[in-house]
Amino acid sequence: MTYAIETRGLTRRFGRTEAVKDLTLQVPAGSVFALLGPNGAGKTTTLKLLMNLLRPTRGTADVLGSDTRHLDAAHFQRVGYVSENQRLPDWMTPGELFDYCRPFYPGWDDELRRRLETDLALAAHTPLRTLSRGTRMKAALLASLAYRPDLVVLDEPFTGLDPVVRDELIRALVDVSSDRPSTVLVSSHDIDEVERLADWVGFMRDGHLQFAERVPALLGRFRLVEVVPAGDVVLDMPRVPHWLLHGTAGRTLRFIDTRHDHADAAARIATAFPGCDISASPLPLREIFITLARGSSSVAEES
Amino acid sequence: MKHLLHLVRADARRFRVLLALWVLVVIVETVFRAVRPTFVDERQLSMMFNLLATMLFATRWLGMVLIVALVVQTHPLVGSDAFWMTRPISWRVLLASKMALLVTTLVAVPTVAELALMVACRVPIAEALPIALQLILFQCLWLFIFMALSSVTRNLARLAVVAGSVLIGLILLLNVMIAVMMRRMGDGPRMVDMVPRTEPSPAGFVVMLLLTIAAAFMLVTVQYRTRSVRRSVLTGAAGICVALAAVLLWPSPGRLVPVPDWANRDSAVQLTAETPRGEFRLSHDGSPLRPGDGWQIGVARLTVRGVEEGWLPTMTLKDASITFDGATVRTAGNGYSTQAVLMAATDALNDGPHSPVERQVLGVSRLLESLPFPQAERGTPAIILADAEFRNRLGSQGTYRGSFQVDLDRLTVAATLPLQAGATFQSPQRRLIVDQVIAQNRAASIRLRHFISTSMFASGLRPRLSFYLRNRGKSEAVAGSSHGGFGGLSTGIGLMLIGIGGWSSPTEAGNGFSIISDVIRFPAAYGGYAGGPPPFEITPEWLSQAELVIVHTIPAGSVWRDVEIAGFEIAEAPPPRPPG
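A. Geometry of the sheet that holds strand β9 (residues 200–205) of chain A. Residues and elements named next belong to chain A. With mixed pairing, the 6 strands of this open sheet are ordered in space as β6-β7-β8-β3-β9-β10. Lying at the two open borders of the sheet, with one neighbouring strand each, are β6 (79–83) and β10 (208–214). Within this sheet the neighbouring strands show an average axis-to-axis angle of 15 degrees, counted without direction. Sheet strands in contact with helix α5 (residues 133–145) are β6 and β7 (151–155), and its direction is about 170 degrees off that of β6.

B. Geometry of the pattern of salt bridges. Per the counting criterion, the structure on display carries 34 salt bridges over all chains. In this structure, the salt-bridge partner of Asp261 of chain A is Arg259 of chain A, at a minimum N-O distance of 3.5 Å. Looking at Arg259 of chain A, the relative accessible area reads 13%, which means it is buried. When the shortest N-O distance is used, the salt bridge between Arg33 of chain B and Glu114 of chain B registers 2.7 Å. A residue pair is termed long-range when its members are at least 10 positions apart, and Arg33 of chain B in helix α2 (residues 16–35) and Glu114 of chain B in helix α4 (residues 91–120) qualify at 81 residues. In this pair, the class of Arg33 of chain B matches that of Glu114 of chain B, namely buried.

C. Region of the structure containing the packing of helix α3 (residues 94–101) of chain A against α5 of chain A. Residue and element names in this part refer to chain A. The contact between α3 and α5 brings their axes to 10 Å, and the two run at 20 degrees. It follows that α3 is roughly parallel to α5 by the angle criterion. Crossing hand, α3 versus α5: right-handed. On α5, the residues touching Pro94, Leu97, Phe98 and Cys101 of α3 are Ala139, Leu142 and Ala143. Along the lines of polarity and charge, the residues of the contact of α3 with α5 split into 7 nonpolar, no polar and no charged.

D. The arrangement of the sheet that holds strand β2 (residues 17–28) of chain A in detail. Residue and element names in this part refer to chain A. An order of β2-β1-β4-β5 is seen for the 4 strands of this open sheet, with the pairing classed as antiparallel. Two strands close off the open sheet at either side, each with one partner strand: β2 and β5 (66–67). In this sheet, β5 lies alongside strand β4 (residues 58–63) in antiparallel orientation, the contact comprising 2 bridges. Residue pairing in the sheet places Asp62 in a bridge with Asp67 of β5. In the packing of helix α1 (residues 43–50) onto the sheet, contacts are made with β1 (3–14), β2 and β4, and the angle to β1 comes to roughly 115 degrees.

E. Highlighting the interface of chain B and chain A. Listed by partner, the interface residues are 21 residues for chain B and 26 residues for chain A. Between chain B and chain A, a total of about 2200 Å² is buried, with carbon and sulfur atoms accounting for 59% of that surface. Among the residues chain B hides against chain A, the three largest losses belong to Phe83, Thr86 and Pro88 of chain B. Together they make up 32% of the total. Across the contact surface, chain B and chain A share 0 salt bridges. Across the chain B-chain A interface, the total number found is 11 residue pairs in polar contact (both at pLDDT 80 or more). Partitioned by chemical class, the residues of the side of chain B that touches chain A number 8 nonpolar, 7 polar and 6 charged.

F. Spatial organisation of a positive patch on the surface. On the surface, Arg55 of chain A together with Arg92, Arg225, Arg230 and Arg231 of chain B cluster together to form a positively charged patch. Its location among the elements puts Arg55 of chain A in the loop between α1 and β4.

G. Representation of the nonpolar core within the structure. Of all hydrophobic cores here, the largest spans 134 residues; its most connected members are Leu97 and Leu185 of chain A together with Leu102 and Met147 of chain B. It is helix α5 (residues 125–151) of chain B that provides the largest number of residues to this core, a total of 11 residues. If near-sequence neighbours (up to four positions away) are discounted, Met147 of chain B is found in contact with Val68, Val72, Leu95, Lys98, Met99, Leu102 and Val220 of chain B. Ranked by size, the runner-up nonpolar core spans 30 residues in total, among them Ala263, Ala300, Ile322 and Leu408 of chain B.

H. Looking closely at the pairing of strand β3 (residues 270–283) of chain B. Residue and element names in this part refer to chain B. Where β3 meets strand β4 (residues 295–305), 10 bridges bridge the pair, whose relative direction is antiparallel. The residue bridging Thr272 from the neighbouring strand is Thr303, located in β4. The pairing of β3 with strand β17 (residues 547–572) spans 4 bridges and is parallel. Residue pairing in the sheet places Arg277 in a bridge with Glu569 of β17.

I. Representation of the confidence of the model for chain B in the model. Residue and element names in this part refer to chain B. Within chain B, residue pLDDT values average 81, and 82% of them lie at 70 or more. For chain B, per-element mean pLDDT is lowest for helix α11 (residues 494–500), which scores 39, and highest for α4, which scores 95. Confidence over residues 487–510 falls short of pLDDT 50; this stretch has 70 contacts with residues more than four positions distant or in other chains. Across the interface, the model reports ipTM at 0.84; the global pTM reads 0.80.

J. Structural context of helix α8 (residues 229–249) of chain B. Residues and elements named next belong to chain B. Counted at 1.5 Å a residue, the expected span for α8 with its 21 residues is 30 Å, and the 30 Å between its end C-alpha atoms agrees. Among all positions of α8, only Ser232, Gly236, Gly239, Ala243 and Ala246 are buried. What you see down the axis of α8 is that its buried residues fit within an arc of 80 degrees, all on one side. Residues of α8 that are exposed and point more than 90 degrees away from the buried face comprise Arg230, Leu234, Leu248 and Leu249. Residues of α8 that are buried make contact with α7 (203–226).

The rules we used
- Throughout this description, residue numbers start from 1 for each chain and increase along the sequence as written.
- In the order they appear in the text, chains get letters beginning with A and ligands get numbers beginning with 1.
- Reporting in this predicted model follows two pLDDT cut-offs: at least 70 for local features of residues, and 80 or more for side-chain atom pairs to be given and counted; totals over whole chains, interfaces and linings ignore these cut-offs and use all residues.
- In computing side-chain values, all of the structure's heavy atoms are included and hydrogens and water are not.
- When DSSP finds two or more bridges between a pair of strands, those strands are recorded as paired.
- Secondary structure follows DSSP: runs of H or I at least 4 residues long count as helices, runs of E at least 2 residues long count as strands, and numbering of each begins at the N terminus.
- Helix axes are fitted only over the stretch in contact, all axes being lines through C-alpha atoms; the angle between N-to-C directions runs from 0 to 180 degrees.
- Contacts are assigned to residue pairs that have any heavy atoms within 4.5 Å of one another.
- For this analysis, a salt bridge means a side-chain nitrogen from Lys or Arg found within 4 Å of a carboxyl oxygen belonging to Asp or Glu.
- Under the scheme applied here, a residue whose accessible area is under 20% of the maximum for its type counts as buried, over 50% as exposed, and between as partly exposed, the area being computed with a 1.4 Å probe on protein chains only.
- Relative orientations are named as follows: roughly parallel for angles under 35 degrees, roughly antiparallel for angles over 145 degrees, roughly perpendicular for angles from 65 to 115 degrees, and oblique for any other angle.
- Helix crossings are classified by the rotation of the near helix relative to the far one: an anticlockwise turn of less than a right angle makes the crossing left-handed, while a clockwise turn makes it right-handed.
- Residues are grouped as follows: nonpolar covers Ala, Val, Leu, Ile, Met, Phe, Trp, Tyr, Cys and Pro; charged covers Asp, Glu, Lys and Arg; every other residue, Gly included, is treated as polar.
- Summed over both partners, the accessible area lost on bringing two parts together, with a 1.4 Å probe, is the buried area.
- Between N or O atoms, a polar contact is any pair within 3.5 Å; within protein, one atom must be a potential hydrogen donor and the other a potential acceptor, and residues adjacent in sequence are included only when both atoms are from side chains.
- A patch consists of residues whose relative accessible area exceeds 30% and which take part in no salt bridge; residues with like charges are grouped when within 9 Å of each other, and nonpolar side chains (Val, Leu, Ile, Met, Phe, Trp, Tyr) when within 5 Å.
- All accessible areas in this document rest on Shrake-Rupley with a 1.4 Å probe, and a residue is counted as covered only by the protein chains that are shown.
- A positive count includes Lys and Arg, and a negative count includes Asp and Glu. His and the chain ends are not counted in either.
- Think of each charge as sitting on NZ of Lys, CZ of Arg, CG of Asp or CD of Glu.
- Among buried residues, the Ala, Val, Leu, Ile, Met, Phe, Trp, Tyr and Cys ones that are joined through side-chain atoms within 4.5 Å form a nonpolar core.
- Every residue gets a pLDDT, meaning the predictor's confidence in that residue, from 0 to 100.
- Residue count minus one, scaled by 1.5 Å, sets the expected span of a helix.
- Working note: the arc is built from the helix axis to C-beta atom directions.

And the structure:
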């Protein structure tokens, strides 16, 4: 497997705070990789390190085969970067922004630009600073897609946008990716949208990457297990590292098995709760995310 | 190249109004400089013009800062959220685009305007080109300094804070240095260094200027390349240190000004004392931080003989001692400077130190000086004693031995012009046009325009100009003095203003090109004649036969001479006479 992005022990310190700690991450080429995590997890810092906007304190990172510290104009012709925090040249209209960007990209596709302008309803002739956040984000995305980059890096692109705009942005991404496969790395809180988009997921917390795996595998690994005892007894939660207590409802004990993909997972549960009525149901990505955000890091570390 | 032009066009389009306004201000100011001296007589117009000049200056200065900051900070070099940072824009191309736009606007435009003005004012091309080059260097200096400040800040507000902090820091540093220097000063009279006359070499200053420009440019380049404020500031600071070190360590190759052949003869420039009396006066010239007991400056009436016609000697005390019975008192310091008094027969009572030489050069027998020179205060500082020592020795006699440096100046008539409007004098660095001749009650004024062009690359000592009205028929002349120029700017900020663009210091020591309207009064600041009525008066009839004489005072070399006065008496100086 080839990787569009590879980091090795990537660390970034701000004063005494380590925002990113010893991050080792591989983003397969052609994948849509979602980097999830709560606020302050280090996602934005990671993306800035990958774009050479920040210098690593330790470790290295390669983007499209080149060390990020040496990314130059030629590399950025193959990369599109959109961030909610980016300061756009907001004195320009969207059209002026695209005209401004075009000469820098040999692969700029005017037809794609027009198509995206139509799809995203970006006919505004007023400066970006007067436009809504959603429209500005659309303009930024178009300015990062119209040259069909090999890698698109999106930092919280959907935050604060209404569902219609989110949908338009995702469709635009999918549309461009379908023409010519490219790698997309997206950090987001919007798990529902990411679920539609991503085929790989990485989870960061406190600067650490807890795990990174394919979405189907992740969804297959997590199960909500409900245990109903046969008699009038109160069940105790056994101390199993990859079982996370979810709660109780009456006599029913609920927990999340984070290793349900193991062959003996069902047998283990049956052994732990003999004579009980046991059912296991899959979890949506949102639930998994919330569980991990709240739960023990040991689960992820084990995985 | 395609990307470079694209970026230049984008910035130019964004700031087109601001850039156009700035260019307009430069053009208006250039035209204004040319026409302003013409209206110097109109009091109200003159006041309005002064106000306008100030406004134009401020607009130009602020405009330059604003343009540099906005153009640079359009593509911020600090932070991690700028749009361009993740676009295929090479830092080299970006820096080149900024330079191209800013240099064209802020360096080329003022230089072309200045050249146009100089050509219009008939400045010889050999003089105009060095001035243009100098202007380019100073504009580049300020441009790179502003670029450096803008490149390490995110926006105008932060730029203002950083620039203010740097300024306050420099002022504090300067004050501390002054305080330390004053603290170290002796409590005696302030002394001047004894340096034989040398032609100042501009090399050291030019090297410092170039290194400072290079340091600022390096800071900007490193910031564009690395976007690391720490690295770029360290680079800039290192560059400034190198520039300062270069100035401090630069050899001073100033060439000694050649001494005229006649002055090397043993019989030339001989100092003799008129009387063996030293008149002492308490000096208050000491360090205010370290008040001492006070110092007495002893003045001897020394005469210089063996000086050829047209030469003016200026004496500087180098060292002195008085030997009493068994004890020698040495002077407290060296180098107290004064001009030698040449005793001559005519009008001796009212002669100034220059008068005999001036009369020789002008070929007149009577000269009305601008200021009377009281006989009682004539003399050459010959020794400096502590007040206590002076009190001890008051009235006693000893043998005085003094060493003096004698600087020689040659006075020559540079031009004789008819007393009428339109009369023109042209020398390599100066053009002068008489605009108006005004006859007044026992006086006259001449309004004239100076076109002065001097660049910092010029080595050698520049001649000074002085003005006289001469009536050959009566063998009389009257000295004039300038009542201040209009149209230029003050000396103190001259250097800075050159950098801001186009404006030049009006003084001869300053550099650049300037047009000044000046009024020369004859006689000027006349405060009454010590010995009664003036020897002659300027009447309309006298004026009708007069001409304007421009005299050059050309610095020449220095010689050293000793003088010995036997029976030198320590005496108290009589109180100065009130003027008139």
